[in-house]
Amino acid sequence: MKVKDILKDKGTEVATIGAEKTICDAVKILVEKNIGSLLVKDEKGNIAGIITERDILKQCNQCLESFSEMKVGDVMTKNLIVASPDDDLDYVENIMTQNRVRHLPIILNKKLEGIISIGDLVNVLRGECKVENRYLKDYISGKYPV
Ligand SMILES: NC(=O)c1ccc[n+]([C@@H]2O[C@H](COP(=O)([O-])OP(=O)(O)OC[C@H]3O[C@@H](n4cnc5c(N)ncnc54)[C@H](O)[C@@H]3O)[C@@H](O)[C@H]2O)c1
């Protein structure tokens, strides 16, 4: 299974925020949409980074006083780790685990094609395990013709 198969079900819409917005603006969108990440766009509309719950938590820990005035662009992660629609889910699982990231923007020819989270991945892998489990149980209990 590939990244594009997840996007077929999940859709390609990606929630974004401007780098000049405040962290409080980001928190509001995250809570309203019930998601854990926002891609950050610069003034030209290009992707400049990603802001996640963890980035916000780190900022909170560093400086609670200035928290409400901080801009998204000052807190976001700038070195984006990305995947492409044709990547296998095994590969994506490895990237997420090795880099300890839970959200991967999906990019093709420099264009944003979607975003997948560790939850999306676990959901698919869980489905695959269930199907395999069912086949194995049927096989063991002799449901298949010999
Ligand atoms: N059963 C499901 O279908 C399913 C799918 C994903 C997550 N979850 C659950 O949600 C909880 C949190 O999930 P998570 O840690 O993977 O992260 P999350 O809360 O950020 O992800 C939840 C969903 O929002 C989407 N999302 C996140 N950021 C987005 C953005 N900027 N634009 C568009 N979509 C965005 C993700 O792709 C995922 O589908 C977990 O409890 C997980 O099990 C369930």
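Up top you'll find the structure we're talking about.
This structure is a prediction, so every number in the text was calculated from the model and none was measured.

(A) Spatial organisation of the overall build of the chain. Helix and strand content of the chain: six helices and five strands. Starting at the N terminus and ending at the C terminus, the chain contains elements arranged as α-β-α-β-β-α-α-α-β-β-α. Overall, the chain is about 70 × 35 × 30 Å in size when its C-alpha atoms are taken along their principal axes. The 146 residues of the chain split such that 34% are buried. Contacts in the chain between residues at least 24 apart in sequence constitute 52% of all its contacts with a sequence separation of at least 6. Taken as a whole, the chain presents about 9,800 Å² of accessible surface, with 51% of it coming from carbon and sulfur. Treating the 22 positive side-chain charges of the chain as one cloud and the 23 negative ones as another, the clouds have centres 2 Å apart.

(B) Representation of helix 2 (residues 23-33) in the model. Within helix 2, the full set of buried residues consists of I23, A26 and L30. Summarising the axial view, the buried residues of helix 2 lie within an arc of 55°, below the 170-degree limit, and thus occupy one face. Exposed residues lying more than 90 degrees from the buried face of helix 2 are K28, V31 and E32. Lining the buried residues of helix 2 we find strand 1 (16-18), strand 2 (37-41), helix 3 (53-62) and helix 4 (72-75). Positive phi shows up at N34, right after helix 2, with a value of about 55°.

(C) Seen up close, a nonpolar patch on the surface. On the surface, V131, Y135, L136, Y139, I140 and Y144 cluster together to form a nonpolar patch covering roughly 690 Å² of accessible area. Mapping V131 onto the fold places it in helix 6 (residues 118-140).

(D) Spatial organisation of the nonpolar core. Core analysis: the largest hydrophobic core is formed by 15 residues, its most contacted members being I17, L38, V40, I51 and I56. Elements represented by at least two residues in this core include exactly helix 2, strand 2 and helix 4. Sorting elements by how many residues they give to this core places helix 2 first, with three residues. In this view, I56 contacts I23, A26, V27, L30, I51, F67 and V75; residues no more than four positions away in its chain are not counted. Formed by 13 residues, the second largest nonpolar core is a distinct cluster that contains L7, A83, M96 and I116.

Conventions and cut-offs
Numbers given to residues run from 1 along each chain, matching the order in which its sequence is written. Only residues with pLDDT of at least 70 get local features here, since the model is predicted, and only at 80 or more are side-chain atom pairs given and counted; chain-wide, interface and lining totals rely on the full set of residues. Excluding hydrogens and water, the side-chain values take into account all heavy atoms of the structure. To qualify as a helix, a DSSP run of H or I must reach at least 4 residues; to qualify as a strand, a run of E must reach at least 2; elements of each kind are numbered from the N terminus. Here's how the labels work: a residue is buried when its accessible area is under 20% of the maximum for its type, exposed when over 50%, partly exposed in between, all with a 1.4 Å probe on protein chains only. Pairs of residues are marked as contacts when any of their non-hydrogen atoms sit within 4.5 Å. For every accessible area listed, the method is Shrake-Rupley and the probe measures 1.4 Å; residues are considered covered only by the protein chains on display. Charged residues are defined narrowly, with Lys and Arg counted positive, Asp and Glu counted negative, and His plus the chain ends left uncounted. For charged residues, the charge sits on one atom: NZ in Lys, CZ in Arg, CG in Asp, CD in Glu. The arc in question is the one spanned by the directions pointing from the helix axis to the C-beta atoms. Note on patches: the residues involved have over 30% relative accessible area and no salt bridge, like charges join within 9 Å, and the nonpolar side chains Val, Leu, Ile, Met, Phe, Trp and Tyr join within 5 Å. We define a salt bridge as a contact between a side-chain nitrogen of Lys or Arg and a carboxyl oxygen of Asp or Glu at a distance within 4 Å. We call a set of buried Ala, Val, Leu, Ile, Met, Phe, Trp, Tyr and Cys residues a nonpolar core when their side-chain atoms join them within 4.5 Å.

Scope: geometric values only; no functional claims are made or implied.
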